[in-house]
Amino acid sequence: GNPNVSKVLSGRPDQLQQLVRYVAAHNAKDNIILCSTELPSDKELREQIFRVLQEALVDQKGKLRDTVLVVRSAKRDIADVVAKLSGTQNNVVIAASEDIEYVTGLVRKLAGLTKDKRIVLYGLNSWTGMETLEAKDLEALKTRIPASTWIDHDDPRVQRFIREYRALYQNEPGDYAFLGFDVAFFYLTALHRFGPDFHMHFAEVTTEPLHMSFKLLKSGVENGYRNENAVMLQYQETGLRKAP
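Notes on the structure in this doc start here. The structure presented is a predicted model; accordingly, all values stated were derived computationally and were not measured.

Procedures and definitions
- Residues numbered from 1 in each chain as written.
- Predicted model: local features only at pLDDT ≥ 70, side-chain atom pairs only at ≥ 80, totals over all residues.
- Heavy atoms only, no water.
- Helix = DSSP H or I, 4+ residues; strand = E, 2+ residues; numbered from the N terminus.
- Pairing = 2+ DSSP bridges.
- Salt bridge = Lys/Arg side-chain N within 4 Å of Asp/Glu carboxyl O.
- Axes fitted to C-alpha atoms, helices over the stretch in contact; angles between N-to-C directions.
- Parallel < 35°, antiparallel > 145°, perpendicular 65-115°, else oblique.
- Left-handed = near helix turned anticlockwise from the far one by under 90°.
- Contact = heavy atoms within 4.5 Å.
- Nonpolar A, V, L, I, M, F, W, Y, C, P; charged D, E, K, R; others polar.
- Phe/Tyr/Trp six-rings, centres within 6.5 Å; stacked < 30°, edge-to-face > 60°.
- Buried < 20%, exposed > 50% of the residue type's maximum accessible area, 1.4 Å probe, protein only.
- Polar contact = N/O pair within 3.5 Å; in protein donor to acceptor, adjacent residues only side chain to side chain.

## Digging into the environment of Ala135
Looking at the secondary structure, you find Ala135 in helix H5 (residues 135-140). Considering only alpha carbons, one finds Ala135 and Glu237, 102 residues apart in sequence, at a separation of 8.6 Å.

This is how it looks when you write it as structure tokens:
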């Protein structure tokens with residue numbers, strides 16, 4: 001209800017959109033399995049992902065099938081997911097669940113099958129806070145999750161920012177330091193180029209943010225803008241990295 005307010009950190013709906021776009025672009029030819037429990041929150045997530053993914057797959061050439069396989073499971077029941085795995089094709093499992101018990105069991109089970117089957121797992125950003133998940137299992141499954149931001153410490157620009165921040169403040173830059181820099185740089189660039197009406201030109205503003213990207217869309221006639229961009233991350237031997 002306020003046209004002068006922008007939300008720059010993408011929320012879960014935007015992260016799910018990014019996940020779906022990534023799957024449609026990279027895995028349309030694979031055996032896609034969408035699974036979750038029947039808990040109300042998981043069911044809502046699963047239905048949202050299914051609807052958007054079906055739309056995204058329509059224009060993908062060479063897709064394996066017109067619809068994804070959907071598995072509705074009990075919290076401890078992983079058997080139906082395993083039964084849908086192909087022994088000859090790449091398997092893409094999208095787990096639309098934030099239930100710790102279900103996710104932990106699914107990851108452990110699928111990780112144990114990677115010697116015989118090709119499996120890539122897609123999860124949710126909330127998984128990063130699940131201490132029951134083993135890093136080696138997530139790596140074995142090439143697990144990918146969406147995120148609003150990502151700080152790549154191998155990026156020379158990030159390294160330079162950290163050095164200069166330390167020199168100026170005698171402290172380590174936290175998430176808010178990166179957020180403050182990227183947001184201020186984007187909005188001040190917009191103001192400098194387009195003046196007070198810069199919000200009408202968000203799509204024309206080009207900057208090189210350190211840990212996020214901007215795609216601001218108006219949320220409604222009387223509303224402000226929201227940033228729908230997110231990034232896909234992948235668990236690798238060296239930790240979480242931007243997915244290829």
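## Topic: the sheet that holds strand E8 (residues 225-227)
Across the sheet, which stays open at both edges, the 3 strands sit in the order E1-E8-E7 with mixed pairing between neighbours. Every other strand in the sheet has two partners, leaving strand E1 (6-7) and strand E7 (216-218) as the edge strands with one partner each.

## A short note on the pattern of salt bridges
Taken as a whole and assessed by the stated rule, the structure comprises 8 salt bridges. Measuring nitrogen to oxygen at the nearest pair gives 3.0 Å for the salt bridge that ties Arg160 to Glu164. Of this pair, Arg160 and Glu164 both sit in helix H6 (residues 156-169), 4 residues apart, which is roughly one turn of the helix. Measuring nitrogen to oxygen at the nearest pair gives 2.7 Å for the salt bridge that ties Arg166 to Glu172.

## Some remarks on the packing of helix H1 (residues 12-27) against helix H2 (residues 40-57)
Where H1 meets H2, the axes come as close as 9 Å, and the angle between the chain directions of the two elements is 40°. Between H1 and H2, the crossing angle belongs to the class labelled oblique. For the element pair H1 and H2, the recorded crossing hand is right-handed. Taken together, the residues of H2 that come into contact with H1 (itself represented by Arg12, Pro13, Leu16, Gln17, Val20, Val23 and Ala24) are Leu45, Gln48, Ile49, Val52, Leu53, Ala56 and Leu57. Tallied by class, residues from the contact of H1 with H2 come to 11 nonpolar, 2 polar and 1 charged.

## A word on the environment of His153
Relative to the helices and strands, His153 is located in the loop between strand E6 (144-147) and H6. Along the backbone, His153 and Arg241 are 88 residues apart, and their C-alpha atoms lie at a distance of 10.0 Å. Non-local contacts of His153, meaning those with residues more than four positions away in its chain, are made with Val158, Gln159 and Ile162.

## Some points on the side chain of Asp14
Tracing the backbone through its elements, the reader meets Asp14 in helix H1. If sequence neighbours within four positions are ignored, Asp14 has contacts with Arg226, Asn227, Glu228 and Ala230.

## What about the packing of aromatic side chains?
Using the criterion set out here, one finds 13 aromatic pairs in the structure. Between Phe186 and Phe214, the aromatic rings sit 4.2 Å apart at their centres with planes inclined by 15°, giving stacked as the arrangement. With a gap of 28 residues between them, Phe186 in helix H7 (residues 175-194) and Phe214 in the loop between H7 and E7 connect regions that are remote in the sequence. Here Phe214 falls in the buried class, since its relative accessible area comes to 17%. Both rings, one in Tyr187 and one in Phe202, keep their centres 5.7 Å apart while their planes meet at 80°; by these two values the pair is edge-to-face. Of this pair, Tyr187 sits in helix H7 while Phe202 sits in the loop between H7 and E7; the two residues are 15 residues apart in sequence, bridging distant segments of the chain. Overall, the relative accessible area of 16% leaves Tyr187 in the buried class. Put simply, the rings of Phe161, Tyr165, Tyr169, Phe178, Phe181 and Phe185 pair up and form one aromatic cluster.

## A short note on the pairing of strand E9 (residues 231-236)
With respect to burial, E9 is a largely interior element, 5 of its 6 residues being buried. The pairing of E6 with E9 spans 4 bridges and is antiparallel. Residue Pro146 lies in a different strand from E9, and its bridge partner there is Met232. Where E9 folds back onto strand E10 (residues 239-242) in an antiparallel hairpin, the turn is made up of 2 residues.

## What to know about the side chain of Asn31
Among the secondary structure elements, Asn31 is positioned in strand E2 (residues 31-37). Within polar-contact distance, the side chain of Asn31 engages the backbone oxygen of Lys84 at 3.0 Å. Leave out the neighbours within four places in its chain, and Asn31 touches Leu64, Arg65, Leu69, Lys84, Leu85, Ser86, Gln89, Asn90, Asn91 and Val92.

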